[in-house]
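# Chain and residue survey
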Amino acid sequence: MADITVWIARGVLMLLRLGLFGLSLGLTVISFQAYRSQGTERLQYAFIGFAFISMGVAVSNVVGQIGWMTETAELVRIFFQASETIPFIVGFAMLYLSLYR
């Protein structure tokens, strides 16, 4: 019984992550459309920021799947977690630039 509960919880988590990825892609598309219509530098930075945040969400979903499906070495796990953090850093830095330039 506990095994079924874990699989259901993982399924719900997967759906939540899919929803998060859809929302981040939606923000990226909207910011791209705003950049295309206005063409300002601020909107360009915002679009790039949202694109990197969407990439970070996608990478974190993949890393999350790898984490519970396989037993990986600690150094490999740290590498994957760093690769998931870097797009968020770039994305939020670009959003920061879009707001303060």
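Scroll up to find the structure this text is about.
Calculation rules
Residues numbered from 1 in each chain as written. Predicted model: local features only at pLDDT ≥ 70, side-chain atom pairs only at ≥ 80, totals over all residues. Heavy atoms only, no water. Helix = DSSP H or I, 4+ residues; strand = E, 2+ residues; numbered from the N terminus. Expected span 1.5 Å × (residues − 1). Buried < 20%, exposed > 50% of the residue type's maximum accessible area, 1.4 Å probe, protein only. Phe/Tyr/Trp six-rings, centres within 6.5 Å; stacked < 30°, edge-to-face > 60°. Contact = heavy atoms within 4.5 Å.

### Side note on helix H3 (residues 74-100)
Residues spaced three or four apart along an α-helix point in a common direction, a consequence of the helix completing one turn every 3.6 residues. Compared with the 39 Å implied by 1.5 Å per residue over 27 residues, the 39 Å span of H3 between its first and last C-alpha is a close match. If you check which residues of H3 are buried, you get Pro87, Gly91, Met94, Leu95 and Ser98.

### Some points on the packing of aromatic side chains
For the structure on display, the rule yields two aromatic pairs. Ring centres of Phe32 and Phe47 lie 5.0 Å apart, and the angle between their planes is 50°; on these two criteria the pair is classed as tilted. Linking Phe32 in helix H1 (residues 2-38) with Phe47 in helix H2 (residues 41-69), this pair joins segments that are 15 residues apart in sequence. A relative accessible area of 33% means that Phe32 is categorised as partly exposed.

### Overview of H1
Taking 1.5 Å of rise per residue, the 37 residues of H1 would be expected to cover 54 Å, and the 54 Å separating its terminal C-alpha atoms lies within 8% of that figure. Buried within H1 are the following residues: Ser24, Thr28 and Ser31. Positive backbone phi, at 75°, marks Gly39, one or two positions downstream of H1.

### Observations concerning the side chain of Ser24
Tracing the backbone shows Ser24 in helix H1. Ser24 sits in the buried class, given a relative accessible area of 10%. Those residues in contact with Ser24 that sit more than four places away from it in its chain are Ser54 and Val57.

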